[in-house]
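# Inside the fold
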Amino acid sequence: MSAWPRSLPPFLWGVATSSHQVEGQTHNDWTRWEAAGRVREGQRSGRGCDHWSRYQEDYQRFAALGINAYRFSVEWSRIEPEPGQWDREALATYRRMVQAMRSHGWVPCLTLHHFTLPLWLADRGGLFAPDAVERFTRYAATVVEHLGDLVDLYVTINEPMVWAVMGYAHGSWPPGRRSVWLAWRAANRLGHLHRHLYRTIKAARPTALVGWAHHYAVFFPYRETSWADRRDAAAVDWLFNRRFVAQIAPDFDFIGVNYYFRQWMHWRQGFRPITAKPGALTTDMGWEIYPAGLRHALRVLGRWQKPLVVKENGIAARDDRLRQRFLVDHLRELAAAQAEGLEVRGYFYWSALDNFEWAEGFHPRFGLFAVDYATQARTPRPSARLYRWLIEQNRDRFPIAVPDHVPDAEELPPLKAAVSPTNHPA
Ligand code: FCB
């Protein structure tokens, strides 16, 4: 086991969000993409969950879950709206947010980059702008200068491989390029950027834990009997899941694992994965539900001998019973991975709130709290009670355990509005 700092809880029980998906009223390369009609049904993130003005009340809700950690991201386009111009007010708001998180007793986990770029950088070439590394590191240094005394846990870049593939090969995210060669270069560039961000944060905060969030997609051969299918699955697995880690080692203190689904490789598909086999249990987005894949991902990434933290795991499901089952089944796999000796130090459910799911818009419902976008009302789903119950069973427990008998979420007591410790000093 590594030297997991004593200042952190032995296991982080959290929920996750990202700035563009919840804050509302952002102005970045994604809002331009939305304005160009590139999101399903022409939807735009717009007011989103209006979390920028409602974060305090939202935190009261999240606190009722009993979490001890919270993952969020800061929005570069707010902090540096024009090159070299730092918005003190935006930085002060993020500081108040982090203070509020801490007063709830949560470990804040700050993501520097979660898919969005300021327009001025996007217009200079984004990742490939000649001064991209310098701009990214200056931004990181500024964030750490303003918030670093309150934050000990950082994610540099969220899902670099997803960004590279969706933005540069698939073309369905900004900047909308369709070139495998460019995606390859983008991935390399992101590795390079990560290293700079890692070193920038560590130089300012040597004791902080810094990592990134790796989207681990499990690829299986469509037909186990086909040599070509097996070859493609192994190749894509290496390219998407393993190569990036090797590229940035040893510049990370933990590995953040985002796990959602399994995909299938059939050699006739020309390296395009099949999202689910006919008849498979899927989410509302058609993603195949495969809990054992989480343990698989943890085993593979565990070879690096660094602490593992599940930074995202969740499901788009209007049927909350599916979410309840998803949560329990994945946590069982996490516990089993720990029982095998893997050092898994946290689990962040994606997401606390329903939110803006990129090119899919507002349709997918990932939240423990449902959001009514017309009124901005939030309603806890039964799975929120179940998550609280699972956390309660594990108070001060490491490794974690999921009891054999899990109660019906509907029968658990409703969530109580939590009272912030700030208002009630002991
Ligand atoms: C992940 C993203 C996150 C969210 C979930 C569903 O790939 O990091 O922002 O969209 O998927």
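Once a new chain begins, its residue numbering starts again from 1 and follows that chain's sequence as written. Residues qualify for local features only when their pLDDT is at least 70, as the model is predicted, and side-chain atom pairs are given and counted only at 80 or more; totals for whole chains, interfaces and linings, by contrast, use all residues. Working from all heavy atoms in the structure, the side-chain values ignore hydrogens and water.

## A closer look at the overall build of the protein
Cut-off, in case you're wondering: Here a helix means four or more residues in a row that DSSP labels H or I, a strand means two or more in a row labelled E, and each is numbered from the N terminus. We compute the radius of gyration over the C-alpha atoms and compare it with the globule rule, which gives 2.2 Å times the number of residues raised to the power 0.38. Here the term buried applies to any residue with accessible area under 20% of the maximum for its type, exposed to any over 50%, and partly exposed to those in between, with areas from a 1.4 Å probe on protein chains only. Working rule for contacts: check all heavy atoms of both residues, and any pair within 4.5 Å makes them a contact. Reported accessibility uses the Shrake-Rupley method at a 1.4 Å probe radius. Residues are deemed covered only where the shown protein chains occlude them. Here Asp and Glu are counted as negative and Lys and Arg as positive; His is not counted, and neither are the chain ends. Taken as the charge centre is NZ of Lys, CZ of Arg, CG of Asp or CD of Glu, depending on the residue.
Check the secondary structure of the protein and you find 13 helices and 10 strands. Taking 2.2 N^0.38 as the reference for a compact globule, 426 residues should give roughly 22 Å; the C-alpha atoms of the protein span a radius of gyration of 20 Å, in line with that estimate. Along the three orthogonal principal directions, the C-alpha set of the protein runs to about 60 × 55 × 45 Å. A buried classification covers 61% of the 426 residues belonging to the protein. In the protein, 77% of the contacts between residues at least 6 apart in sequence involve partners at least 24 apart. Surface exposure of the protein reaches about 17000 Å², of which carbon and sulfur atoms provide 51%. Separation of charge centres in the protein, based on 53 positive and 44 negative side chains, amounts to 4 Å.

## A few points about the site of the ligand
Rules: A cutoff of 4 Å decides nearness: a residue is near a molecule or strand if any of its heavy atoms lies inside that distance of it. Two N or O atoms count as a polar contact when they lie within 3.5 Å, although within protein this holds only if one can serve as hydrogen donor and the other as acceptor, and sequence-adjacent residues are included solely when both atoms are side-chain atoms. Asp, Glu, Lys and Arg are counted as charged, while Ala, Val, Leu, Ile, Met, Phe, Trp, Tyr, Cys and Pro are counted as nonpolar; the rest, among them Gly, fall into the polar class.
In the vicinity of the ligand, the residues found are Gln-21, His-114, Phe-115, Asn-158, Glu-159, His-215, Tyr-260, Glu-312, Trp-350, Glu-357, Trp-358 and Phe-366. Asn-158 places a polar side-chain atom, nitrogen or oxygen, 2.8 Å from an oxygen atom of the ligand. Glu-159 has a polar side-chain atom sitting 2.5 Å from an oxygen atom of the ligand. Across the complex, the protein chains shield 97% of the 290 Å² of accessible surface that the ligand would expose by itself. Its residues assigned to classes, the shell around the ligand comprises five nonpolar, four polar and three charged.

## Things to note about the pattern of salt bridges
To keep things clear, this is the line we draw: Whenever a carboxyl oxygen of Asp or Glu lies within 4 Å of a side-chain nitrogen of Lys or Arg, that contact is scored as a salt bridge.
If you walk through the whole model with that rule in mind, you get 32 salt bridges. Ionic pairing is found between Arg-295 and Glu-333, a salt bridge with its closest N-O pair at 2.9 Å. One end of the pair, Arg-295, is in helix α11 (residues 292-302); the other, Glu-333, is in helix α12 (residues 320-339), with 38 residues separating them in the sequence. Assessed through its relative accessible area of 15%, Glu-333 is described here as buried.

## Regarding the confidence of the model for the protein
The condition that has to hold: Values of pLDDT, the confidence the predictor places in each residue, fall between 0 and 100.
This prediction gives the protein a mean pLDDT of 96; 97% of its residues lie at or above 70. Ignoring residues within four places in sequence, the model shows residues 419-426, a span with pLDDT below 50, making eight contacts including any to other chains.

## Description of the sheet that holds strand β8 (residues 344-350)
By way of backbone hydrogen bonds, the strands of a sheet pair with one another, either parallel or antiparallel. Rule in force here: At least two DSSP bridges between two strands are needed for those strands to be called paired. For helices, the axis comes from a line fit to the C-alpha atoms of the stretch in contact; other axes are also lines fit to C-alpha atoms, and the angle between any two N-to-C directions lies between 0 and 180 degrees.
Spatial ordering of the closed barrel is given by β1-β2-β3-β4-β5-β6-β7-β8, a layout of eight strands whose pairing is parallel. Within this sheet the neighbouring strands show an average axis-to-axis angle of 30°, counted without direction. Note that strand β7 (residues 308-313) and β8 share four bridges and pair parallel. Opposite Leu-308, over in β8, you have Val-344 as the bridge partner. Helix α7 (residues 132-147) contacts β3 (107-113) and β4 (153-158) of the sheet and is inclined by roughly 160° relative to β3. Taken strand by strand, α12 contacts β1 (12-16), β6 (254-265), β7 and β8, and its axis lies near 170° from that of β8.

## Overview of the pairing of β1
Where burial is concerned, most of β1 is hidden: five out of the five residues are buried. Here β1 shows no split at all, with Leu-12, Gly-14 and Ala-16 on one side and Trp-13 and Val-15 on the other all buried. The pairing of β1 with β8 spans five bridges and is classified as parallel. In the strand pairing of β8, Ala-16 is matched with Trp-350. Bridge analysis of β1 against strand β2 (residues 69-73) gives three bridges, and the strand direction is parallel. In the sheet register, Gly-14 faces β2, and the bridge partner there is Ala-69.

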